[in-house]
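What follows is each chain in one-letter form.
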Amino acid sequence: KVHHHKWEISYQFKSPDCLKKLAVTINGQTPGPTIYASEGDTVVVEVKNVLLTENAAIHWHGIRQIGTPWMDGTEGVTQCPILPGDTFTYRFVLDRAGTYMYHAHYGMQRSAGLNGMIVVRVPEGFKEPFTYDREHSILLNDWWHRSTYEQSAGLALPGKQFTWVGEPQSLLINGRGRFNCSLAVSGTCNSTHPECTPYMLTVVPGKTYRLRIASLTSLSALNFEIEGHSLTVVEADGHYVDPFVVKNLNLYSGETYSVIFKADQDPTRNYWVASNVVARKPGTPTGTGILHYYRVPRGRLPTTAPPTGPLWNDTMYRFNQSLAIHAHPSFNEPPPSKSDRMINLLNTQNRVNGLMRWSINNVSFDLPHTPYLIALKNNLHHVFEQRLPPDTYDVNTYDINTVPINPNATRSNSIYNLEFGSVVDVILQNANTLTPNNSEPHPWHLHGHDFWVLGYGLGKFNPELDPKKYNLKDPILKNTVVVHPLGWTALRFKADNPGVWAFHCHIESHFSMGMGIVFQEGVDKLGRLPEFIMGCGESKLGN
Ligand SMILES: O=C1O[C@H]([C@@H](O)CO)C(O)=C1O
């Protein structure tokens, strides 16, 4: 089946948290419309950019783009940006059932509101390993009042002028939050604006619900909770997991989960649906929605206080929840027992020529002007640096527990060449930032593949001992995984999807400050590239 969508991307005045500001919308909406389809279906999205003065590109997060790497929507990697006034038609196959997302992949445009969900149902006749009466989707986000232009310009200021984006003003649940209007300039905030009425999830007592929960935050790690109701986690990033019960669920930007819950509490009252910032000192009120038992008046707020979530700095709580996730026994696809290559990636905060940057093995990433996919396929070798980036860092001497002694790094747009069909291990190693006694979690997202999560650790990865503790029996497959503060995460994937694929921190400001790398594999296996991805830099049409 083929699903056709026509989208117009434009700036509109929106009040997602009651404060009016410009947002990037799809057909006037933020979040954009949810795409519903089934496994194996084709989705065609005609994207018309009517932003007038701003480029665009849309990434289909979690969709592997098998055989269509030019549809990945990653500006600078797989395509030229969509120019104002232009229409770009994305066309791709939904390779697997599950919960996915889409969002802008150009500058910090995702934070301006260009985001939404993709729900891929199982093919007819297929039985999922759980049952439920109804399902709903929940997209979590964080929201700033400063424009993304002001934010990215502030991040690029030198020395002491560097201006961090700071904590978000609001947390949004399905695009709805609540700013305290008494703190706003008069006339800019309307606490009764229909766009900021809390999200309401109506339930019938005794029924069972599947919630597809996705996080597209720009910065925040979140904890999600439904007051008084336990959640059974059944799916992560499109893969069934061995069900486990939680009171609340930690989600990092770029992750999706399905949870099952039963409306089995006192049906004469409503309950809070809540999201809270974790892993950074919160400066944002709890994001709230309402779980509405259908006989209770819709607008009746719970008289209880909204859940405040676990302690924000309880790293062990989040670490242990990461460890609790295993592949579902009936859907387990164990990884290859050995890898062909190990890439050890040290994550550090640096200063490069006076600018605050993030680096991987001391290289801070810059996107090229000519997209890699076109450059590689058409032998335009001079458009990005040909020297290969390092596979490791100085493992023996680097102290991850202190502020780097030499915070300098280099900027580069060089990329990793993976042998087609090889098995690659990546160790993400976290470290102290430029602030004493501080390390922040980073959610890493890989385009074009799922990877097995072989293990997590706290402290420095030990290449002799830690691989012996890998879970090779039932690790989950994911496309986004967190590396915990001062910890490491080990993953394995097969480089079997011809194309060029970004692998980066899903924190919008961190990627724009260089926190990412790019892999290429099997580009020689691709046929002629479509011309509509070209036009920028040296990728002139017809090249
Ligand atoms: O990139 C970042 O910058 C700030 C801080 O380190 C400097 O203000 C922060 O928390 C980040 O994640």
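All values reported here derive from a predicted model rather than from experimental measurement. (Residues numbered from 1 in each chain as written. Predicted model: local features only at pLDDT ≥ 70, side-chain atom pairs only at ≥ 80, totals over all residues.)

Side note on the pairing of strand β21 (residues 355-360)
Item 1. In terms of burial, β21 is a largely internal element, 5 of the 6 residues being buried.
Item 2. Between strand β20 (residues 341-352) and β21, which pair antiparallel and follow one another directly, the connecting turn spans 2 residues, one of which, N353, has a positive phi of 50 degrees. (Buried ≥ 20, exposed ≤ 12 C-beta atoms within 10 Å, placed from the backbone. Helix = DSSP H or I, 4+ residues; strand = E, 2+ residues; numbered from the N terminus. Pairing = 2+ DSSP bridges.)

Details of the sheet that holds strand β10 (residues 170-173)
Item 1. Spatial ordering of the open sheet is given by β10-β9-β12-β17-β14-β15, a layout of 6 strands whose pairing is mixed. Each edge of the open sheet is held by one strand with a lone partner, namely β10 and β15 (239-246). Across the sheet, the mean angle from the axis of one strand to that of its neighbour is 25 degrees, orientation sign disregarded.
Item 2. Note: strand β14 (residues 231-236) against strand β17 (residues 256-262), 4 bridges, orientation antiparallel. Across the sheet, residue V233 finds its bridge partner in β17, namely V259. (Axes fitted to C-alpha atoms, helices over the stretch in contact; angles between N-to-C directions.)

Quick look at the nonpolar core
Item 1. Ranked by size, the top nonpolar core spans 139 residues in total, and within it L140, I213, V259, Y372, L491 and V518 carry the most contacts.
Item 2. With 6 residues, the single largest contributor to this core is strand β18 (residues 271-278).
Item 3. Three or more residues apiece are contributed to this core by two domains, here domain 1 (2-323) and domain 2 (333-533).
Item 4. Excluding residues within four positions of it along the chain, L491 makes contact with V426, F451, W452, V453, L454 and V481.
Item 5. With 5 residues, the next largest nonpolar core counts C18, L19, F179 and C189 among its residues. (Core = buried A, V, L, I, M, F, W, Y, C linked by C-beta atoms within 7 Å. Domains from an automatic or database assignment. Contact = placed C-beta atoms within 7 Å.)

A few points about the domain arrangement of the chain
Item 1. Once the domains are mapped, the chain shows domain 1 (2-323) and domain 2 (333-533).
Item 2. A separation of 25 Å is found between the C-alpha centroids of domain 1 and domain 2.
Item 3. Where the side of domain 1 that touches domain 2 is concerned, the elements lending two or more residues are α1 (148-155), β15 and α2 (315-323).
Item 4. Per element, the largest residue contribution to the side of domain 1 that touches domain 2 is 5 residues, and it comes from α2.
Item 5. The class makeup of the residues in the side of domain 1 that touches domain 2 is 20 nonpolar, 17 polar and 7 charged. (Nonpolar A, V, L, I, M, F, W, Y, C, P; charged D, E, K, R; others polar.)

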